[in-house]
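The primary structure of each chain is shown beneath.
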Amino acid sequence: MTDHIEKILEKFSSPLSSEKGSAVFEQLKRQPADSLLALIALCRADKRENKIDVGVGVFCDDQGHTPVMKAVKAAEVHLINTQNSKSYLGSVGDVVFFQQLMPIIFGTEYTYQNRLSGLQTPGGTGALRLAFDLIKAANPHTKIHYGKPTWANHGQLIAAVGLEAVSYPYYKAETREIDFSAMMDALKQIKRGDAVLLHGCCHNPTGCDLTLDQWQEIGAVIAKRGLLPIIDLAYQGLGDGLDEDARGLRLLLDQLDEAIITYSCDKNFGLYRERTGAIYVLSENKTVAEKVQSNLTSLARATWSMPPDHGAAIVRIILESDILRPSWSTELQEMQHRIKTMRDQLAQADAYFRPLSQQKGMFSILPLSSEQITRLRVEKAIYMAPSGRINIAGLTSKTLHPFIEAVKSVL
Ligand code: LMR
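Thresholds, definitions, all that
Residues numbered from 1 in each chain as written. Predicted model: local features only at pLDDT ≥ 70, side-chain atom pairs only at ≥ 80, totals over all residues. Heavy atoms only, no water. Helix = DSSP H or I, 4+ residues; strand = E, 2+ residues; numbered from the N terminus. Rg over C-alpha atoms; globule rule 2.2 N^0.38 Å. Buried < 20%, exposed > 50% of the residue type's maximum accessible area, 1.4 Å probe, protein only. Contact = heavy atoms within 4.5 Å. Salt bridge = Lys/Arg side-chain N within 4 Å of Asp/Glu carboxyl O. Near = heavy atom within 4 Å. Polar contact = N/O pair within 3.5 Å; in protein donor to acceptor, adjacent residues only side chain to side chain. Areas by Shrake-Rupley, 256 points an atom, 1.4 Å probe, with all protein chains shown as cover. Domains from an automatic or database assignment. Pairing = 2+ DSSP bridges. Right-handed = clockwise from strand over helix to strand, strands pointing away. Axes fitted to C-alpha atoms, helices over the stretch in contact; angles between N-to-C directions. Buried area = accessible area lost by both parts, 1.4 Å probe. Expected span 1.5 Å × (residues − 1). Arc of directions from axis to C-beta.

**Quick look at the overall build of the protein chain**
When its secondary structure is counted, the protein chain shows 15 helices and 13 strands. Relative to the compact-globule value of 22 Å for 411 residues, the protein chain shows a C-alpha radius of gyration of 24 Å, a close match. Oriented by its inertia axes, the alpha-carbon framework of the protein chain measures out at about 85 × 55 × 55 Å. With 411 residues in all, the protein chain has 49% of them scored as buried. Pairs at least 24 residues apart make up 76% of the contacts formed inside the protein chain by residues separated by at least 6 positions.

Below you can see the structure in the form of structure tokens.
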């Protein structure tokens, strides 16, 4: 018996076993901090009372507070009172949530129901991750073409999956508009079968949205060249309105056999940390759609197994309710209106901000050098993304003019 114990002790004290613990992680390279998340932490730590946070993309009311929407609060109360089980729902998540979003995204008259597949995801990020995983599973040589600049996390997600990302021109910094002819020239060169990432509305970070004519033209090129569009729809309702913000996407889908839509409820339901989203995939026919569904389900199972339920349950309750649905939609319109008012006031206050009135949603890019952006943070307690992107919803009627003055002081 003693012999046996000694043998075990010997085994655990051998040089091989004591080295084992550190050998794996020592190989890791330290990763740079995500610049936006680092900015949130910096801003939080700043104790200056006059600080202005136009960094991370969250909606704020005119008191600078990110509220829980009234319909969301009411749905949460209802959920707590009525939910009688927390048992698993499965990898597809809440199917009613998934279906209730469809007319909001695709309208009420779309004809491709049988060709759609998809599931609930942890936020729009989860949907994007699954989209890239699905593309990789179908063909690992597919390149993802993204308009420059794009949401900073797009690049990280594509890299994490191991696909190649290639940029196409989107924004002309000199005019602060879309460089549509350069974009079209680039799209016409893309190899058949490659994917093109597009922002459904409220372009992040530029605020420069495509017109319906431009969506139509892009659709024709995508169809002709056999490309796969991935439409990231993360801000529906915060540009021109719920229906209006999906019109470009609908025009595109009417022309195509295949497409991916990644959807987020973070902003339009104010559910940020609840991680609520969905992926919809359009396939050329029902048989392929079924194959896609089985792949999505198995990828989700291997990635997060099942999505978190709370946010999706709230959205489902709101969309199914004759009382909560209009309340949500009115509050969303008020949010959209507040952003537009801030935009217009900025644009009217000074020529430097004038292009902002042509742009949509929470974001715009200010043409500032990194030195100017740092000065604004250090000297004026103004927090914006390193690209010069500002979240217009971060401004209030109290901070608007101090913000304008501060920006002008560093020009
Ligand atoms: C943003 O762009 O600020 C938001 O979408 C938050 C994020 O996760 O980057």
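The rest of the description comes next.
**What about the pattern of salt bridges?**
With the rule as written, the count across this model stands at 14 salt bridges. Salt-bridge contacts for Arg338 lead to Asp62; the nearest nitrogen and oxygen are separated by 3.2 Å. Highlighted residues: Arg338 in helix α13 (residues 324-349) and Asp62 in the loop between β1 (52-53) and α4 (70-82), separated in sequence by 276 residues. Accessibility expressed as a relative area gives 12% for Arg338, which makes it buried. Of the charged contacts in the structure, one is a salt bridge between Glu379 and Arg375, with a shortest N-O distance of 3.2 Å.

**Section: the site of the ligand**
Within the structure, the ligand sits among Leu36, Val56, Gly57, Trp151, Asn204, Tyr235, Lys267 and Arg389. At a separation of 2.9 Å, an oxygen atom of the ligand approaches a polar side-chain atom of Trp151. In isolation the ligand has 260 Å² of accessible area, and contact with the protein removes 75% of it. Viewed by domain, the shell around the ligand spans two of them, domain 1 (35-69 + 332-410) and domain 2 (88-320), each represented by three or more residues.

**Concerning the pairing of strand β3 (residues 143-148)**
Where β3 and strand β4 (residues 164-169) come together, six bridges link them in parallel fashion. Across the sheet, the residue bridging to Ile144 is Ala165, located in β4. A crossover connection joins β3 to the parallel β4 through helix α7 (residues 152-161); in handedness this β-α-β unit is right-handed. Summarising the sheet, β3 and strand β7 (residues 195-199) pair through three bridges and their orientation is parallel. Bridging from a neighbouring strand, Tyr146 pairs with Leu197 of β7.

**Overview of the sheet that holds β3**
What the seven strands build is an open sheet, ordered β2-β10-β9-β8-β7-β3-β4; its pairing is mixed. Of all the strands in the sheet, just β2 (116-121) and β4 have a single pairing partner and so form its edges. Ignoring strand direction, the axes of neighbouring strands in this sheet form an average angle of 20°. Strand contacts of helix α11 (residues 286-303): β2 and β10 (277-282), with the helix running at about 15° to β2, the strand carrying the most contacts.

**Quick notes on the pairing of β2**
With six of six residues buried, β2 lies mostly within the body of the structure. Alignment of β2 against β10, held across six bridges, turns out to be antiparallel. Bridging from a neighbouring strand, Thr121 pairs with Gly277 of β10.

**With respect to the domain arrangement of the protein chain**
Splitting the protein chain by domain gives domain 1 (35-69 + 332-410) and domain 2 (88-320). Each of domain 1 and domain 2 has a C-alpha centre, and these two points are 27 Å apart. With 24 residues of domain 1 in contact, the opposing surface of domain 2 contributes 24 residues. Summing both sides of the interface, domain 1 and domain 2 together bury roughly 1,900 Å²; the carbon and sulfur share of this comes to 58%. The interface formed by domain 1 and domain 2 includes one salt bridge.

**Let's talk about the side chain of Thr396**
Tracing the chain through its elements places Thr396 in the loop between β13 (389-391) and α15 (400-410). Accessibility expressed as a relative area gives 5% for Thr396, which makes it buried. When residues no more than four places from it in sequence are discounted, the contact partners of Thr396 are Asp61, Asp62, Gln63, Gly64, Arg338 and Met342.

**Remarks on α4**
The terminal C-alpha atoms of α4 lie 18 Å apart, and with 13 residues this matches the ideal 18 Å at 1.5 Å per residue to within 8%. The complete set of buried residues in α4 reads Ala71, Val72, Ala75, Glu76 and Leu79. Mapping the buried residues of α4 onto a view down its axis gives an arc of 135°, with all of them on the same face. Facing away from the buried side of α4, by more than 90 degrees, are the exposed residues Lys70, Ile80 and Asn81. Packing partners of the buried residues in α4 comprise α12 (310-320) and α13.

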